[in-house]
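Chain and residue survey
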Amino acid sequence: KKSAMLQVHMSVFKESNRQRQMPELQASVAIELDVALKSYIAEQTLERFRAMGKSIRDVDLEVVLQCLRKAREVLVSFFDVHFYVADVDKVVPAGSSTESETEIERCFSLLLRELESSHIFNLRPIGDDCFCLTPPNEDGDNLAYWSFITIKKSLGVVTAEVYHPEGLRKASSILNEVQSFIISTTHRTNQLLLLQ
């Protein structure tokens, strides 16, 4: 295990009632340092929670998700979801406001059931429409990476986020697996909708 202690005191002169401004170059460096420090702290927090494995508490998963959005080594992908709607006998964008909301909601419910019943990833819910993904064979001692999907029903979009401690190359490989998982599950959902 590696450990590091970092102590920083930095003023960015954010007081609005002061007339004194930081020089432009110094302000730019201070902002970049601020972002880098927040990213470092977020990544260290991700590592600490990753070591907890599957025993991590739900409240901690919410913290992990917040840290994921501050870390630099995170890959994000967006997928537009389309569903077969029997009423109009065609595939429509899930975020389309012109189609029946109850029909689209039913399609999303079926998609969620298909995602949760998968043997490719285990899904652990965080709130209503967000899930932490782990491989089914993951040991309980340590998670290999962080992966989350968020279903944004109103937009008809699924977002995938992946962080891997070994960097972007490994994260990209995991993101490809997550993308395939989402695409194939959406395809299966549409097949089931066609059969109904």
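Please refer to the structure higher up on the page.
Throughout this document, residue positions are counted from 1 along each chain, in the order its sequence is written. Note on the predicted model: pLDDT of at least 70 is required for a residue's local features to be given, and 80 or more for side-chain atom pairs to be given and counted; whole-chain, interface and lining totals, by contrast, use all residues. Water and hydrogen atoms were dropped before computing side-chain values, which therefore reflect all heavy atoms in the structure.

A short note on the sheet that holds strand 7 (residues 157-163)
Strand pairing in a sheet relies on backbone hydrogen bonds, with the paired strands running either antiparallel or parallel. Strands pair, by our definition, only if DSSP identifies at least two bridges between them. Think of it this way: any DSSP run of H or I at least four residues long counts as a helix, any run of E at least two long counts as a strand, and we number them from the N terminus. Across the sheet, which stays open at both edges, the five strands sit in the order 1-7-6-5-4 with antiparallel pairing between neighbours. Either end of the sheet is taken by a strand with one partner, and the two such strands are strand 1 (74-80) and strand 4 (122-126). For this sheet, the mean angle separating the axes of adjacent strands, direction not counted, is 25°. Where strand 5 (residues 130-134) meets strand 6 (residues 146-152), three bridges bridge the pair, whose relative direction is antiparallel. Residue pairing in the sheet places Cys132 in a bridge with Phe148 of strand 6. Only heavy atoms matter for contacts: two residues are in contact if any of them lie within 4.5 Å across the pair. A fitted line through C-alpha atoms represents every axis, and for helices the fit uses only the stretch in contact; the resulting angles, taken between N-to-C directions, go from 0 to 180 degrees. Sheet contacts for helix 2 (residues 58-68): strand 1, strand 4, strand 5, strand 6 and strand 7; angle to strand 6, the most-contacted strand, approximately 90°.

Side note on the pattern of salt bridges
Two side chains bearing opposite charge may form a pair once their charged atoms approach each other closely. In the sections that follow, a salt bridge refers to a side-chain nitrogen of Lys or Arg positioned within 4 Å of a carboxyl oxygen of Asp or Glu. If you walk through the whole model with that rule in mind, you get eleven salt bridges. Between Asp58 and Arg124 there is a salt bridge, with the nearest N and O atoms lying 2.8 Å from each other. Remark: Arg124 occurs in strand 4 and Asp58 occurs in helix 2; sequence separation between them is 66 residues. Residue burial is assigned from relative accessible area. The probe radius is 1.4 Å, only protein chains are included, and a residue is buried under 20% of its type maximum, exposed over 50%, and partly exposed in between. With a relative accessible area of 44%, Asp58 lands in the partly exposed category. Salt bridges here are not isolated pairs; linked through shared partners, they connect Glu105, Asp129 and Lys153.

Overview of helix 1 (residues 24-50)
Take the number of residues in a helix, subtract one, and multiply by 1.5 Å to get its expected span. With 27 residues, helix 1 extends 39 Å between its outermost C-alpha atoms, agreeing within 8% with the 39 Å of an ideal straight helix rising 1.5 Å per residue. Every buried residue of helix 1 is listed here: Ala30, Ser39, Ala42, Glu43, Thr45, Leu46, Phe49 and Arg50. Contact partners of the buried residues in helix 1: helix 2, strand 6 and strand 7.

Quick word on the state of the cysteines
Only a pair of cysteine sulfur atoms within 2.5 Å qualifies as a disulfide here. All chains considered together, the criterion is met by zero disulfides. For Cys132, which is in no disulfide, the shortest distance to another cysteine sulfur is to Cys130 and amounts to 8.3 Å. On the basis of relative accessibility, which here comes to 4%, the residue Cys132 falls in the buried class.

As for the packing of aromatic side chains
Pairs were defined over the aromatic rings of Phe, Tyr and Trp, the Trp ring being its six-membered one, requiring ring centres within 6.5 Å. Orientation was assigned from the angle between planes: stacked under 30 degrees, edge-to-face over 60, tilted for the rest. Using the criterion set out here, one finds three aromatic pairs in the structure. A centroid spacing of 5.1 Å and a plane angle of 85° characterise the contact between Phe83 and Phe108, whose relative ring orientation is edge-to-face. In this pair, Phe83 sits in strand 2 (residues 82-85) while Phe108 sits in helix 3 (residues 101-116), placing the two residues 25 residues apart along the sequence. With relative accessibility at 0%, the residue Phe83 sits in the buried group. Cation over ring: Arg48 sits above Phe49, and NZ or CZ is 4.9 Å from the ring centre. We call a charge positioned above a ring when the Lys NZ or Arg CZ atom is no farther than 6 Å from the ring centre and deviates by at most 35 degrees from the ring normal.

Some words on the nonpolar core
Ranked by internal contacts, the top residues of the largest apolar core, which has 31 residues, are Phe83, Leu115, Leu123, Leu133, Ile149, Val178 and Ile182. Every element with two or more residues in this core is listed here: strand 2, helix 3, strand 5, strand 6, strand 7 and helix 4 (168-195). Contacts of Leu133, omitting those with residues within four sequence positions, involve Phe121, Asn122, Leu123, Tyr145, Ser147, Phe148, Ile149, Val178 and Phe181. Within the second largest apolar cluster, 18 residues are counted, among which are Val64, Cys67, Trp146 and Phe148. What is meant by a nonpolar core is a set of buried Ala, Val, Leu, Ile, Met, Phe, Trp, Tyr and Cys residues, joined one to another through side-chain atoms within 4.5 Å.

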